[in-house]
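Examining the three-dimensional arrangement
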Amino acid sequence: MEHIYSKWHHPYTPAKKYKKKVAYFSMEFGIDQTFNIYSGGLGFLAGSHMRSGLELKQNMIGIGMLWKYGYYDQARNEDQTLKTEFNEKHFDFLEDTGIEVEIKLHDNPHVKVRAYVLKPEIFGTVPMYFLSTDVDGNDHLSRTITNHLYDKNPVTRVSQSIVLGIAGAKVVEALGGADTYHLNEGHALPAFYYLRDKGVTKDQMVFTTHTPEKAGNEERDARHLNRCGFFGRTFSEDELHSEMVNGGMINYTVSALRMARKANGVSKLHAIVANDMWKDYDGICDIIPITNAQNQKFWQDEIIKTSWMKKDAVIYNQRKLQLKTELFEEVYKQTGKQFDPNVLTIVWARRFAAYKRADLLLRDYDRFKRLITNDKYPVQIIWAGKPYPFDYGAIDVFNHLVHQSKHEPNLAVLIGYEIDVSKRLKCGSDVWLNTPRITREASGTSGMTAAMNGSVNLSTDDGWIPEFKKDEQNCYVIPALDHHLPTWDQDKIDTDNLYHILENKVIPTYYENPDKWQDIVFKAMDDVIPEFTTQRMADDYYKKLF
């Protein structure tokens, strides 16, 4: 029988203002713990977007990749340091749509790609289609393309983009086509080339850029991409020339910005940074801000929500103690340490990337020692996050923290930073520490879901924070500095400021002035909802981008 989702279908009549058919392409989606095919913030953001699309009855679908081994599983070596494991995943809630398309990859004109549907009733998202090359009839090499999210082999990475982009676009065609094609980051760029050849106009293509980081804006040799089949057909030298930048390279972001009618950055600050970053390239479209957000229904604890609606500190504090206790069960399970729910708990948890500075607290080691051995004002600190499995610098920082915390009763480094652990950390922490070097963090959505659950943001003035902050009223902000300074100097100034705020503001307020602390907690919820929820964001995408 033909699958109901082998044609464009929603379990509802789309709301009038969202009736335009939108296909949303993303390399990763973080939807539910049981569906672990994401690496970090980009996936969490895309997953929240898909949930809100359903809640608002939008005529949208998601196009993603079915990663056979996911990203990776975090484990530990004998000495507790990071071990990366690649385990095959099984997702029996996906259904084969019967849609199979063919693409040309390198010298193979017949690579088969199958589409599996995630139906809306499973996790409460719009219909989503996940692509796999692990299909009977494909040769071994083709079958392995969808094995690993962000594969370290550059040729495989290019193939993954072609699968997501061109096979994804062909799947949308098989479903009946879309009015708007939205690329969440440049990974699916081949879709734009393929669609342009098929007569899809610039008016129908939009793009979201996510990062000011050089590594996040892929750039590859144009001739090599041409041989791989990146453009959907073989380009002539002249055609290649018109796409090239920087002496023979294709920059995914630049190409997407040239082909899209409109693009967005993911915070007001990021849109300024992005416009400045790409302004020297001709033919770039406008980059407007649509600030990232997270899905409130999924991320906010129900009892915390009730206590905030009623402004009831008693219910809030009872629940917070309970949530801290639940988080500390995880700490105990992993480290054998018994944390105390009555002690101020600071959490640093996100992707381990160098610019995010997981170890900033340790840059002033004497003050760090004083902080963690202060009997009058005790603290507990938890770090968690996944470094890219082949980013040895980031893994080194992770392992450094493991060694530093091993023999301290009030420090812990957790593995398995995925949706479940993330939720526990946001619900069970008192302070959400966020320390990227400024202008490097495009948005940083983890602080939003922390604020929804009463974890007070202590952050550098970057990403979404400038739009949210009321210093010492709804969060604590490390003052902005000149980001052109050498990084060593930036780190020194930020460390001094961080300790000043912790020692003189955050910690004394928590212990000496609980009423003020409670005000900050509730004020943060007032200011984060609805402004930083994906209900607002998903609506903005239709209004401002589609």
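Below: a short report on this structure. Computed from a predicted model, the values in this text were never measured in an experiment.

Attention now goes to the pairing of strand E16 (residues 411-414). With burial as the criterion, each face of E16 is covered, one bearing Leu 411 and Val 413 and the other bearing Ala 412 and Leu 414. Handedness of the crossover is the feature at issue here: the chain leaves strand E15 (residues 379-384), passes through helix H14 (residues 392-405), returns alongside E16, and the resulting connection is right-handed.

With that out of the way, let us pick up the pairing of strand E7 (residues 128-132). Counted residue by residue, E7 has five buried out of five residues, so it is predominantly covered. Neither face of E7 is exposed, since Met 128, Phe 130 and Ser 132 on one face and Tyr 129 and Leu 131 on the opposite face are all buried. Where strand E2 (residues 60-65) meets E7, four bridges bridge the pair, whose relative direction is parallel. Looking across to E7, one finds that Ile 63 is bridged to Tyr 129. The pairing of strand E6 (residues 108-118) with E7 spans five bridges and is classified as antiparallel. Among the inter-strand pairings, Arg 114 is bridged to a residue of E7, identified as Ser 132.

Glancing now at the pattern of salt bridges. Enumeration according to the criterion identifies 41 salt bridges in this entry. One salt bridge connects Asp 96 with Arg 114, and the closest N-O pair in it is separated by 2.9 Å. On the criterion of sequence distance, the pair formed by Asp 96 in strand E5 (residues 95-105) and Arg 114 in strand E6 is long-range, its members being 18 residues apart. Judged by relative accessible area, Asp 96 falls into the partly exposed class, the value being 35%. The closest approach of N and O atoms between Arg 367 and Glu 503, which form a salt bridge, is 2.8 Å. With Arg 367 in helix H13 (residues 365-372) and Glu 503 in helix H18 (residues 487-512), the pair connects residues that are 136 residues apart, well separated along the chain. Salt bridges sharing partners connect three or more residues here, namely Arg 357, Asp 359, Arg 363, Arg 437, Asp 491 and Asp 494.

Analysis parameters
Position labels on residues start from 1 in each chain and follow its written sequence. A pLDDT threshold of at least 70 governs which residues receive local features in this predicted model, and a stricter bar of 80 or more applies before side-chain atom pairs are shown or counted, although totals over entire chains, interfaces and linings include all residues. Hydrogens and waters are ignored; side-chain quantities use all the structure's heavy atoms. Categorising residues by exposure relies on relative accessible area from a 1.4 Å probe, with only protein chains included: less than 20% of the type maximum marks a residue as buried, more than 50% marks it as exposed, and the intermediate range marks it as partly exposed. Runs of H or I in DSSP of at least four residues are treated as helices and runs of E of at least two as strands, each being numbered from the N terminus. Think of it like this: strands point away, you trace from the first strand over the helix to the second, and a clockwise trace means the crossover is right-handed. The criterion for strand pairing is that DSSP finds at least two bridges linking the strands in question. Throughout this description, the term salt bridge denotes a Lys or Arg side-chain nitrogen within 4 Å of a carboxyl oxygen of Asp or Glu.

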